[in-house]
Amino acid sequence: MSRLIDGKVISAAVKERVGGEVAALKAKGIMVGLAVIIVGDDPASKIYVANKKKACEALGIISEEYALPEDTTESELLDLIGRLNNEKRINGILCQLPLPPHLDEKLIINSISPEKDVDAFHPVNVGRIMIGDYDFVPCTPAGIMEMLKYENISPEGKSCVVIGRSNIVGKPMGMLLLHKNGTVTICHSKTKNLKEICLGADILVAAVGRAKFVTADMVKEGAVVIDVGMNRVDGKLYGDVDFDAVKEKASAITPVPGGVGPMTIAMLMQNTLTAAKKQNGIA
Ligand code: NAP
């Protein structure tokens, strides 16, 4: 029976730390500001944006929401980002994805100033993660590293297996584990012998997007299992890990919900604070 890695507790600790630093900056006359852009009416995106706004408010971060209509043109969106890039009161800019299909996501992301790119999707920030000289890390892998640190689980010398190679989770996750001296294998849909590779993992991160994909026979006794998945099946949320069976083998495991999910917004707050400090010449 494994130890539960509780994302609600750990994210609360991160938020408390960030809120304290935001208050200290405010006392020096420095306000922290995040601009969140949403284009169109995607219901899931609207919920994410509302949650981000709520988190900002709770921590004393000023949030400005730019809700643009579905038919917003590329040049209108680029104009807005251009203005926010030059706006001193805004430290972080986040453009909620996915964008409507007529907008070029790559072009839009690349137009956000790297100093204000709190999602860490800009190629400059992606490159900086690669060379281990970074200010921002995409929020989900950043949250996972925070969880490991909180739980005193060091990747050093461990076999770390990441299932999934997306730009927002799998690839940066692999790099962060590597920077902490893990021996990293990144798996994907073309990987052969996935089960054997997973069985060798001391730390196993599942970011696949398929409910209960990781079964107990893929997990080594005593492994640490991190479940990134958020899969809705008949209205219920499932992770990528078959939690009930895997928890009997793992030494520590994150649940879904209440695991990695709550960490993501907490790390967005952390990245926004980092941006404000950098832009004000602090740290
Ligand atoms: P994604 O872009 O769809 O990537 C999924 C990855 O899984 C791909 O690299 C894919 O391989 C790999 N994969 C698919 N089927 C596989 C198989 N049979 N064997 C091995 N690998 C396989 O997804 P994502 O954005 O990384 O997200 C992954 C999951 O995490 C989703 O459930 C998402 O909702 C969740 N998520 C949660 C949070 C959070 O805050 N908790 C944040 C972000 C994402 P190929 O590259 O070969 O196609």
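Only a predicted model underlies this, so the values are computations on that prediction, with no experimental measurement involved. Just so you know, the residues in each chain are numbered from 1, in the order the chain's sequence is written. The predicted origin of the model limits local features to residues at a pLDDT of at least 70 and limits the giving and counting of side-chain atom pairs to 80 or more, whereas totals for whole chains, interfaces and linings rest on all residues. Side-chain metrics in this entry use all non-hydrogen atoms of the structure; hydrogen atoms and water are not considered.

1. What to know about the domain arrangement of the chain
Here the chain is partitioned into domain 1 (29–115) and domain 2 (139–261). As used throughout, domain bounds are those supplied by an automatic or database domain assignment. Taken over C-alpha atoms, the centre of domain 1 sits 29 Å from the centre of domain 2.

2. Quick notes on the pattern of salt bridges
Note on definitions: salt bridges are taken to be side-chain nitrogens of Lys or Arg within 4 Å of carboxyl oxygens of Asp or Glu. Counted by the stated rule, this structure contains 13 salt bridges. Here Lys247 ties to Glu248 by a salt bridge, and the two come within 3.4 Å at their closest N and O atoms. Classification of Glu248 by relative accessible area gives partly exposed; the value is 43%. Three or more residues joined by partner-sharing salt bridges are found here, namely Arg128, Asp133, Asp135 and Lys278. The buried label applies to any residue whose accessible area, calculated with a 1.4 Å probe on protein chains only, is under 20% of its type's maximum; exposed applies above 50%, and partly exposed to all values in between.

3. Concerning the environment of Leu199
For the purposes of this entry, the term helix denotes a DSSP run of H or I that reaches at least four residues, the term strand denotes a run of E that reaches at least two, and both are numbered from the N terminus. In this fold, Leu199 is placed in helix H8 (residues 194–199). Classification of Leu199 as partly exposed rests on a relative accessible area of 32%. With 19 residues separating them in the primary sequence, Leu199 and Met218 have C-alpha atoms 5.2 Å apart. Should any heavy atoms of two residues lie within 4.5 Å, those residues are considered in contact. Residue contacts for Leu199: discarding those within four places in its chain leaves Asp217, Met218, Val219 and Lys220.

4. A word on the environment of Leu94
Within the fold, Leu94 resides in strand S4 (residues 92–95). Judged by relative accessible area, Leu94 falls into the buried class, the value being 1%. In this structure the C-alpha to C-alpha distance between Leu94 and Ile226, which are 132 residues apart in sequence, comes to 26 Å. Each residue touching Leu94, except ones within four places of it in the same chain, is listed here: Leu34, Ala35, Val36, Ile37, Lys52, Val118, Asp119 and Leu268.

5. Some thoughts on the nonpolar core
Ranked by size, the top nonpolar core spans 53 residues in total, and within it Leu34, Val205 and Met269 carry the most contacts. Not counting residues within four places of it along the chain, the set of residues in contact with Val205 comprises Ile144, Val161, Val162, Ile163, Met173, Leu177, Ile226 and Val228. Core analysis: the second largest hydrophobic core is formed by 18 residues, Met218, Ala223, Val246 and Ile253 among them. What is meant by a nonpolar core is a set of buried Ala, Val, Leu, Ile, Met, Phe, Trp, Tyr and Cys residues, joined one to another through side-chain atoms within 4.5 Å.

6. Looking at the site of the ligand
If a single non-hydrogen atom of a residue is within 4 Å of a molecule or strand, that residue counts as near it. Lining the immediate surroundings of the ligand are 22 residues, of which Arg165, Ser166, Ser189, Met230 and Thr264 lie closest. Within the contact set of the ligand, a nitrogen atom lies 3.4 Å away from a backbone nitrogen or oxygen of His188. Whenever a nitrogen or oxygen atom comes within 3.5 Å of another N or O atom, the pair is scored as a polar contact, on the condition that within protein one atom can donate a hydrogen and the other can accept it, and that pairs from neighbouring residues in sequence are kept only if both atoms are in side chains. For the ligand, a nitrogen atom lies 3.1 Å from a polar atom in the side chain of Arg210. Protein chains shield 71% of the accessible area of the ligand, which is 930 Å² for the free molecule. The dominant element in the shell around the ligand, judged by the number of residues it contributes, is helix H10 (residues 260–279), at three residues. The protein chains shown are the only cover counted for residues, whose accessible areas, like all others here, come from Shrake-Rupley with a 1.4 Å probe.

7. Structural notes on unusual backbone geometry
Both trends apply: most residues other than glycine have a negative phi, and most peptide bonds are in trans. Each neighbour pair has its own omega, and for Leu97 with Pro98 the value is 5 degrees, a cis peptide bond. Relative to the assigned elements, Pro98 resides in the loop between S4 and helix H4 (105–111). For the bond running from Val256 to Pro257, omega is 0 degrees, close enough to zero to count as cis. In this structure, Asn181 takes a positive phi of about 70 degrees despite not being glycine. Inspection of the secondary structure assignment puts Asn181 in the loop between helix H7 (170–179) and strand S6 (183–187). One non-glycine residue, Asn193, lies in the positive phi region at around 55 degrees. Classification of Asn193 as exposed rests on a relative accessible area of 53%.

8. What to know about the sheet that holds strand S3 (residues 62–68)
Note on pairing: DSSP must find at least two bridges between two strands before they are called paired. Read from one edge of the open sheet, three strands run S3-S2-S4, paired in parallel fashion. In this open sheet, the two strands that pair with only one neighbour each are S3 and S4. Averaged over all neighbouring strand pairs, the angle between strand axes comes to 15 degrees, with direction disregarded. Where strand S2 (residues 33–39) lies against S4, four bridges are found, and the strand directions are parallel. Paired with Ala35 across the strands is Ile93, a residue of S4. Helix H2 (residues 43–59) rests against S2, S3 and S4 of the sheet, and its axis sits at about 170 degrees to S2. Between the N-to-C directions of two axes lies an angle of 0 to 180 degrees, each axis being a line fitted to C-alpha atoms and, for a helix, fitted only over the stretch in contact.

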